[in-house]
Number of protein chains: 2
Amino acid sequence: MDTIKYNLPEKEMPTRWYNIQADLPEPLAPYLHPATKKPLGPADLAPLFAMELIKQEVSQERYIDIPEEVQKIYRQFRPSPLYRARRLEAALDTPAHIYYKFEDVSPAGSHKPNSAIPQAYYNKKEGIKRLTTETGAGQWGSSLALACSLFDIELKVYMVKVSYQQKPYRRMMMETWGAKCVASPSMDTNSGRAALAADPNNMGSLGLAISEAVEDAAPREDSHYALGSVLNHVLMHQTVIGQECLKQMEMAGEYPDMVIACVGGGSNFGGIALPFLHENLTKGKKTRIIAVEPSSCPSLTKGLYAYDYGDVAGMAPIAKMFTLGSNFMPPPVHAGGLRYHGMSPIVSHLKKLGLIEARAVLQLPTFEAGITFARSEGFISAPETNHAIRAAIDEAIKCRETGEKKVILFNHSGHGHFDMSAYDAYLSGKLTDYEYPAEKVKEALSCLPQT
Amino acid sequence: MDTIKYNLPEKEMPTRWYNIQADLPEPLAPYLHPATKKPLGPADLAPLFAMELIKQEVSQERYIDIPEEVQKIYRQFRPSPLYRARRLEAALDTPAHIYYKFEDVSPAGSHKPNSAIPQAYYNKKEGIKRLTTETGAGQWGSSLALACSLFDIELKVYMVKVSYQQKPYRRMMMETWGAKCVASPSMDTNSGRAALAADPNNMGSLGLAISEAVEDAAPREDSHYALGSVLNHVLMHQTVIGQECLKQMEMAGEYPDMVIACVGGGSNFGGIALPFLHENLTKGKKTRIIAVEPSSCPSLTKGLYAYDYGDVAGMAPIAKMFTLGSNFMPPPVHAGGLRYHGMSPIVSHLKKLGLIEARAVLQLPTFEAGITFARSEGFISAPETNHAIRAAIDEAIKCRETGEKKVILFNHSGHGHFDMSAYDAYLSGKLTDYEYPAEKVKEALSCLPQT
């Protein structure tokens, strides 16, 4: 019998998160205060985040225990399955073995609840009654809406307008869980009003939506802000993915030559990659770790490595990262979760140190890959996930050409059930491609903070 | 540790389907030919169905082996999890133990692939190149599109127009898997053209869509027709659900006092109920088996038990069943999968023999139940599934009142990711209720066949 699904027993679910800061050859650059440009202290972050999350952000401990309350909710959908993509392999006629970790099984349909649940938990524990956040494609906003409904916390989501219009079902999903969702730029904040005054047709960006959510939460005693990617603690929460994969690959009797994931802010990539990087850094493994980003928003492959603002209005912390500039307005491609101007400091740092690879792919080939996947493996994938599938297929085709029997593992970060209009546009030939021009990156310099 | 998820090991997945015909105290009434009104023979069905499926339809064998090719595909998403709804129990403050079988995990998001896959398999094996079918909410059409893409069969789906308009994402999903989907009534068949000539605003019905699909397939050598519910072989394919539940309830150390499922044509209900009926019929168990239908289409609770046409045009076999009359045009409620004028002959027969119970529920309370479920268990359910949730919650509330610690099991037949506009309508107060008037049932007599 050819095994296609590796279910890890519930008792094997990770009980701690892995913190790569303990294993970095060089430490991360500190965050800077957006006003003073001096390194941030915990007190600076306290108006926005629960203290436990602030501690996790800078912790140097290798492992941090997952609270039992969080594990209990994780256990509804974790461990998630690992699949061997035998039908895809057959369709590609490749000698490669392709595996995918399947994060679609959470109620929100992606990996995002892995961090939304602990974030809601810690905020609840510290007496917070209300959270604000931004969302691109809606994966994060809906995951936090789910988590807030479980912990009885009020939630307001600023959703990038282009996605708000493209993906109305995501808004309805958030509302079903009891959250309030508005299109960003909105008239509810100074940042939003300023953006709309400058351009009434502003379709929004993650950087701008972050400004709105931060501005909303910061002055309110009862409110905190939550971020679904980029930050160290978010990537750490996601490491349950890679930890499970390590055990599941062992069940399969193989070890990956390559680990592939898409990157926007870096959370699903970090989730699957960091535990394998731990093996590379501490156990002499040589797995290639490949981050795949859209050519329309190529922060890792074309961006500058510099201190930059995390948001448009310059209210979020300044971080050392690969960036296209905080004023970057991405074209309205369908992988809304990959349209952030910057990149997680951890992922940026790893790229700078040469510990991971990065590549950019165009939108049309990602949908072609998504269709190939749907018609062989059955599952319909998020446009973000299609970036990882594209790279995995490309590597499998290389193996067909060279005859190499490589083991490829990629993160299937979420389903595309709320992105069908993108598939419709692709299938009816209405989708176009856009490559961010290299020369434009230079303009990004103009808005970098002076540090 | 409070267990919430019961994962059956892969090797425990059922390898045969259960055929309740072997255990019925009285045999089913035979199908009649729509033209001659005489009992049907296999040759009459051959233009529409694969011979293996025709044999299964009338088989008296208790168990029929699941082909290895079908098992291999089942294993991608089966065994499906059984959940203990601890958070819902807490929200309801009930002493009842509520369990739900979770069929959302198939690539199409419902139980429907359990029959779509073997139907595609047997047709492929017999050399069929093309299938036609009808779909209501789109769950069946998309599941057959998935199955046809795996077996490389062409597919044309006639989708009830009201759903085609309400659920555009379902059409896009079918197209992603390579199927062709048209709104029914269509201009592609005589039945469709006649309906549109009589009323250009005809919003369609399952009975009419069946007529179109049958008319399309019958004369073509390369084509067969596939039905997603009602027929004996379809319910039999679904019995993997209940067989798994029996083992999973054993893992949980409990046995259900009640088994609940929604009914339209009867396939998800049959899937979970028939293996428990086998225990009732042969091992002295006394589980109450409850079928839940919409008040807007109450075939089991208000229909006539009579021989009736399976479709509007009178081309499909005549079956002995509870029916509202083949001309029944249901109001456009959102549970599109429950709007069939008739009921599976097996389910009808069981109802007539008093072996199962039936109840009808209004649309608004089903959405209220769906929201309660989403905000406690996290999962967003199909409008059809919300009918089962409503009944389960009602029973759990009764337990709260009486203090009884009953064990309730219901079938969570599918997710609502493509039905968010229905949730939106509910949450914004735009959804209305409709109860089919008892006196109208009498009119149904006028179009019954003279047998």
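Draft legend 1. Local environment of the overall build of chain A. In terms of regular secondary structure, chain A is built from 19 helices and 15 strands. Here the C-alpha radius of gyration of chain A, 20 Å, is about what a compact globule of 451 residues would show, namely 22 Å. Judged by the C-alpha coordinates and their principal axes, chain A covers about 60 × 50 × 45 Å. Looking at chain A residue by residue over its 451 residues, the buried ones come to 67%. Sequence separation of 24 or more characterises 77% of the internal contacts of chain A that already satisfy a separation of 6 or more. Surface exposure of chain A reaches about 14500 Å², of which carbon and sulfur atoms provide 51%. Charge separation in chain A, taken as the distance between the mean sites of 47 positive and 50 negative side-chain charges, equals 1 Å.

Draft legend 2. Region of interest: the interface of chain A and chain B. Counting from both sides, the interface comprises 47 residues of chain A and, opposite them, 47 residues of chain B. Regarding the contact of chain A and chain B, the summed buried area is about 4100 Å², with carbon and sulfur atoms giving 56% of it. Broken down residue by residue, the surface that chain A buries against chain B is led by Gln76(A), Tyr169(A) and Thr176(A), which jointly contribute 18%. Our enumeration of links across chain A and chain B arrives at two salt bridges. In this structure, Arg171(B) and Asp424(A) form a salt bridge, with 3.3 Å as the shortest nitrogen-oxygen distance. Here chain A is connected to chain B by 23 residue pairs in polar contact (both at pLDDT 80 or more). Those elements that provide at least two residues to the side of chain A that touches chain B are helix H3 (68-74), helix H6 (139-151), helix H8 (168-176), helix H16 (363-377) and helix H18 (420-427) of chain A. A total of seven residues in the side of chain A that touches chain B trace back to one element, the largest contributor, which is H8(A). When the residues that make up the side of chain A that touches chain B are grouped by side-chain class, the tally is 24 nonpolar, 10 polar and 13 charged.

Draft legend 3. Geometry of the pattern of salt bridges. Residue and element names in this part refer to chain B. Considering all chains together, one arrives at 50 salt bridges over all chains under this definition. A salt bridge links Arg359 to Glu395, with the nearest nitrogen and oxygen atoms 2.7 Å apart. Of the two residues, Arg359 sits in strand S14 (residues 357-361) while Glu395 sits in helix H17 (residues 383-402), which places them 36 residues apart along the sequence. In this structure, Arg359 and Glu395 share a single accessibility class: buried.

Draft legend 4. Structural context of the packing of aromatic side chains. Applying the stated criterion across every chain, the model contains 39 aromatic pairs over all chains. An angle of 70° between the planes, with centres 6.4 Å apart, marks the rings of Tyr74(A) and Phe77(A) as edge-to-face. Here the aromatic rings of Tyr100(B) and Phe410(B) are separated by 5.7 Å at their centres, their planes lie at 20°, and the arrangement is stacked. Here Phe410(B) lies in strand S15 (residues 407-412) and Tyr100(B) lies in strand S5 (residues 97-102), a separation of 310 residues in the sequence.

Draft legend 5. Expanded view of the sheet that holds strand S8 (residues 180-184) of chain A. Residues and elements named next belong to chain A. Spatially, the four strands line up as an open sheet ordered S8-S7-S6-S9, and their pairing is parallel. The strands lining the two open edges of the sheet, one partner per strand, are S8 and strand S9 (223-225). The mean inter-strand angle of the sheet, taken between neighbouring strand axes irrespective of direction, is 20°. In the packing of H6 onto the sheet, contacts are made with strand S6 (130-135) and strand S7 (154-160), and the angle to S6 comes to roughly 160°. Across the sheet, H8 lies against S6, S7 and S8, angled at about 175° from S7, the strand it touches most.

Rules of the game
- Residues numbered from 1 in each chain as written.
- Chains lettered and ligands numbered in written order.
- Predicted model: local features only at pLDDT ≥ 70, side-chain atom pairs only at ≥ 80, totals over all residues.
- Heavy atoms only, no water.
- Helix = DSSP H or I, 4+ residues; strand = E, 2+ residues; numbered from the N terminus.
- Rg over C-alpha atoms; globule rule 2.2 N^0.38 Å.
- Buried < 20%, exposed > 50% of the residue type's maximum accessible area, 1.4 Å probe, protein only.
- Contact = heavy atoms within 4.5 Å.
- Areas by Shrake-Rupley, 256 points an atom, 1.4 Å probe, with all protein chains shown as cover.
- Lys, Arg positive; Asp, Glu negative; His and termini not counted.
- Charge placed at Lys NZ, Arg CZ, Asp CG, Glu CD.
- Buried area = accessible area lost by both parts, 1.4 Å probe.
- Salt bridge = Lys/Arg side-chain N within 4 Å of Asp/Glu carboxyl O.
- Polar contact = N/O pair within 3.5 Å; in protein donor to acceptor, adjacent residues only side chain to side chain.
- Nonpolar A, V, L, I, M, F, W, Y, C, P; charged D, E, K, R; others polar.
- Phe/Tyr/Trp six-rings, centres within 6.5 Å; stacked < 30°, edge-to-face > 60°.
- Pairing = 2+ DSSP bridges.
- Axes fitted to C-alpha atoms, helices over the stretch in contact; angles between N-to-C directions.

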